[in-house]
Amino acid sequence: MDNLSEALEKLKLASTDSATDSVESCLDCLLKALANNNTEASVKIQEMGVLPLLPTLLNPQSSCTPKVANIIAEVAKNEFMRSPCVEAGLIPPLVQLLNSTDQEVLLQTGRALGNICYDSHSLQAQLISMGVIPTLVKLLGIHSHNTALTEMCLIAFGNLAELESSKEQFASTNIAEELVRLFQKQTEHEKKEMIFEVLAPLAENDVIKLQLVEAGLVECLLEVVAQTVDGEREEDIAQLKTASDLMVLLLLGDESMQKLFEGGKGSVFQRVLSWIPSHNHQLQLAGALAIANFARNDGNCIHMVDTGIVQKLLELLDRHVEEGNVTVQHAALSALRNLAIPVVNKSKMLSAGVADVVLKFLQSEMPPVQFKLLGTLRMLIDTQAEAADQLGTNGKLVERLVEWCEAKDHAGVMGESNRLLSALIRHSKSKEVVRTVIQGGGVKHLVTMATSEHMIMQNEALVALGLIAALDLVAAEKDFVGANLVSVLHKLLSDERSAPEIKYNSMILICAVMGSEPLHKEVQSLAFIDVVSKLRAHENKTVSHQASLTEQRLTAQS
């Protein structure tokens, strides 16, 4: 340590008269001390006030510069030294050195900046605002043959790409082409993994997604899948997962997805289809997720249903009733739900037996599967009276829906169960379905749904309740009273925030329950006539007209 103190004193003197030889020997001594005991040497460097001298030594023309940058990189490995490095003004001269043509200078500079800014989003953001991204991308292109420099660039990209502010800068460079070119040259698993770690955060940006597709990344990914699909080594399994996950991520962008779909004739689309019957769960999962992503517009959905994709998905689901891979079940149900959105697809999918296969998962205890199962059935029966009738009279289904309507730990499942219960009534308009829901204990949940914070759910509940009252008021009367329906309707009509549709359907329902003596008494006791008469002046003509009709009805039956 005495040698170090001596070297630091000499460095302070030498730095003022720029005696290169004596500076070099001091720097060598510092590097040796850091290699021997980094923490102790770093503390000494800070105590003796050497850090503020270093910016002047970071001279692009000086032969000492790589060693100075190396010292900073070593010192900045210690968390307690990072702030002093920033305070000593080391970042601006280091950033300037990224324009150097000397590969050793570039390498040590990259290490120094990486260590100073490690785990600090604010410092990384500062680097981005200083324009390091275009500089580093250019360096990658020029020095792609230099392994150490390439790795330095990749590590920097991996850290910077996590910041949202970096995406726009990356998108304005040719990063996509450079990374794809680099990937194509790699044979080692570790190197491919490093590139994957940069590609994943970058591919979250839609502009970069398209750039990566245009640069040929998809072909690289398909090749990785082909090479690793039958592999049993851990690295093969890891690469297969990373490549197929990245493929799915690229399909989340509308433009990149449509480019790869190519009207359903694209070779990439066809290759992805072949993953669904695969025996590899990871590929089945990626294939189903890819179909779900391709199924994001009506044109694609109609084409896919017409070309037999539904059958492939049903066969896949059938294989997983017993095997029970939850992620594959969830992905396949997601794909079916999206495919069922266009009206022309619903009857075709019902004829193909989609509802029957989906019902096999009714016993699933996994909320993500439950959620997608409910969404798929709800999409299928929309405007399909016969299917709604068939499912709505299925006692086991209704029983399970009522159970899930109480799944307070899983808001999504609870909401979808309520919506499907309502949809079965609204689309079937069947007395049998209404009776099945009443017997299954579903009425109270529909009343609660009418108080939802989501207007669409409130409305769906009120329409379903109106149909229950119209089709079988006698059977529903007890449940309506028990669930305080009249009190809920009074609140909805009194609340100024209620949408016009909510007020309208609430008044329709009030008129419908007047045929029940106990409900009629409740309506009278809550002085509905006062609330309704105020609504005659409502700005919405449909609401004001219904208010007049409801007031007449209330007056006539008072």
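What counts and how
- Residues numbered from 1 in each chain as written.
- Predicted model: local features only at pLDDT ≥ 70, side-chain atom pairs only at ≥ 80, totals over all residues.
- Heavy atoms only, no water.
- Helix = DSSP H or I, 4+ residues; strand = E, 2+ residues; numbered from the N terminus.
- Rg over C-alpha atoms; globule rule 2.2 N^0.38 Å.
- Buried < 20%, exposed > 50% of the residue type's maximum accessible area, 1.4 Å probe, protein only.
- Contact = heavy atoms within 4.5 Å.
- 1 Å grid on protein atoms, 1.4 Å probe; cavity = no way out; pocket = protein on both sides within 12 Å on 5 of 7 lines; lining within 4 Å.
- Points joined across faces, edges and corners; volume = space filled by probe spheres on them.
- Nonpolar A, V, L, I, M, F, W, Y, C, P; charged D, E, K, R; others polar.
- Core = buried A, V, L, I, M, F, W, Y, C linked by side-chain atoms within 4.5 Å.
- Salt bridge = Lys/Arg side-chain N within 4 Å of Asp/Glu carboxyl O.
- Disulfide = S-S within 2.5 Å.
- Expected span 1.5 Å × (residues − 1).
- Arc of directions from axis to C-beta.
- Phe/Tyr/Trp six-rings, centres within 6.5 Å; stacked < 30°, edge-to-face > 60°.

- The protein goes by Rap1 GTPase-GDP dissociation stimulator 1 in an unreviewed UniProt entry, where it is assigned to Seriola dumerili.

### A closer look at the overall build of the protein
Consideration 1: Looking only at helices and strands, the protein has 37 helices and zero strands in total.
Consideration 2: For the protein, the C-alpha radius of gyration of 34 Å lies well beyond 24 Å, the compact-globule estimate for 558 residues.
Consideration 3: Once the C-alpha set of the protein is aligned to its principal axes, its extents read approximately 110 × 55 × 40 Å.
Consideration 4: Here the protein holds 558 residues, and the buried ones make up 55% of them.
Consideration 5: Taking the intrachain contacts of the protein between residues at least 6 apart in sequence as the baseline, contacts between residues at least 24 apart amount to 71%.

### Re the layout of surface pockets
Consideration 1: Considered as a void within the structure, the largest pocket measures approximately 370 Å³ in volume.
Consideration 2: Forming the walls of the largest pocket are 20 residues, and the residues nearest its centre are Gly110, Leu113, Gly114, Ile155 and Ala156.
Consideration 3: For the lining of the largest pocket, the elements supplying multiple residues, two or more each, are α8 (103-116), α9 (121-129), α10 (132-142) and α11 (147-160).
Consideration 4: The element that contributes the greatest number of residues to the lining of the largest pocket is α11, accounting for seven residues.
Consideration 5: Looking at the lining of the largest pocket residue by residue, the classes come out as 13 nonpolar, five polar and two charged.
Consideration 6: Roughly 310 Å³ of volume is contained in the second largest pocket.
Consideration 7: Taken together, 14 residues line the second largest pocket, and the ones lying closest to its centre are Met414, Asn418, Thr448, Met449 and Met457.
Consideration 8: Counting residues per element, the ones that place at least two in the lining of the second largest pocket are α29 (411-428) and α31 (443-449).

### A look at unusual backbone geometry
When glycine is set aside, most residues are seen to have a negative phi, and most peptide bonds are trans.
Consideration 1: The phi dihedral of threonine 383 falls on the positive side, at around 70 degrees, and the residue is not glycine.
Consideration 2: For threonine 383, the position within the fold is in the loop between α26 (367-381) and α27 (385-392).
Consideration 3: Not every positive phi belongs to a glycine, and alanine 527 is a case in point at roughly 50 degrees.
Consideration 4: On the secondary structure map, alanine 527 appears in the loop between α35 (517-525) and α36 (528-534).

### A few points about the nonpolar core
Consideration 1: Among the nonpolar cores identified, the biggest contains 199 residues, and Leu339 and Phe480 are the most heavily contacted of them.
Consideration 2: Take this core: its biggest share by element is eleven residues, from helix α32 (residues 455-482).
Consideration 3: With sequence-adjacent residues up to four places away left out, leucine 339 is seen in contact with Ile291, Ala295, Cys301, Met304, Val305, Ile309, Val310, Leu313, Asn345 and Met349.

### A few points about the pattern of salt bridges
Consideration 1: With the rule as written, the count across this model stands at 27 salt bridges.
Consideration 2: Lysine 241 serves as the salt-bridge partner of aspartate 245, at 2.7 Å between the closest nitrogen and oxygen. Note that aspartate 245 and lysine 241 are positioned in helix α17 (residues 234-250) at a spacing of four residues, about one turn of the helix.
Consideration 3: Two residues, arginine 419 and glutamate 460, come together in a salt bridge whose shortest N-O distance is 2.8 Å. Of the two residues, arginine 419 is situated in helix α29 and glutamate 460 in helix α32; the sequence distance between them amounts to 41 residues.

### A closer look at the state of the cysteines
Consideration 1: Scanning all chains against the criterion turns up zero disulfides.
Consideration 2: Free cysteine cysteine 85: the closest other cysteine sulfur is in cysteine 117, separated by 9.9 Å.

### Describing the environment of isoleucine 425
Consideration 1: Residue position: isoleucine 425 is located in helix α29.
Consideration 2: For the pair formed by isoleucine 425 and valine 463, sequence separation is 38 residues and the distance between their alpha carbons is 8.9 Å.
Consideration 3: If we skip the residues at most four places from it in the chain, isoleucine 425 touches Ser430, Val433, Val434, Val437, Leu446, Ala464, Leu467 and Ile468.

### A short note on helix α37 (residues 541-556)
Consideration 1: In a regular helix each residue adds 1.5 Å, so 16 residues correspond to 22 Å; α37 covers 23 Å between its end C-alpha atoms and thus fits that length.
Consideration 2: Among all positions in α37, only Val543, Ser544, Gln546, Ala547, Thr550, Glu551 and Leu554 are buried. Taken end-on, α37 shows its buried residues confined to a sector of 160 degrees, consistent with a single buried face. Seen from the open side of α37, the exposed residues pointing more than 90 degrees away from its buried face are Lys541, His545, Gln552 and Ala556.

### Section: α35
Consideration 1: Turning to α35, its buried residues are Leu519, His520 and Val523. One face of α35 carries all of its buried residues, which in axial projection span an arc of 105 degrees. Exposed residues lying more than 90 degrees from the buried face of α35 are Glu517, Lys521 and Ser525.
Consideration 2: Positioned one or two residues after α35, alanine 527 has a phi angle of 50 degrees, which is positive.

### Remarks on the packing of aromatic side chains
Consideration 1: Under the defined criterion, the tally for this structure stands at five aromatic pairs.
Consideration 2: Ring centres of phenylalanine 183 and phenylalanine 196 lie 5.1 Å apart, and the angle between their planes is 55 degrees; this geometry places the pair in the tilted category. Placement of phenylalanine 183 in helix α13 (residues 175-185) and of phenylalanine 196 in helix α14 (residues 189-202) is noted, with a sequence separation of 13 residues between them. Like phenylalanine 196, phenylalanine 183 is buried.
Consideration 3: A connected cluster of aromatic rings, assembled from ring pairs, spans Phe261, Phe269 and Phe294.

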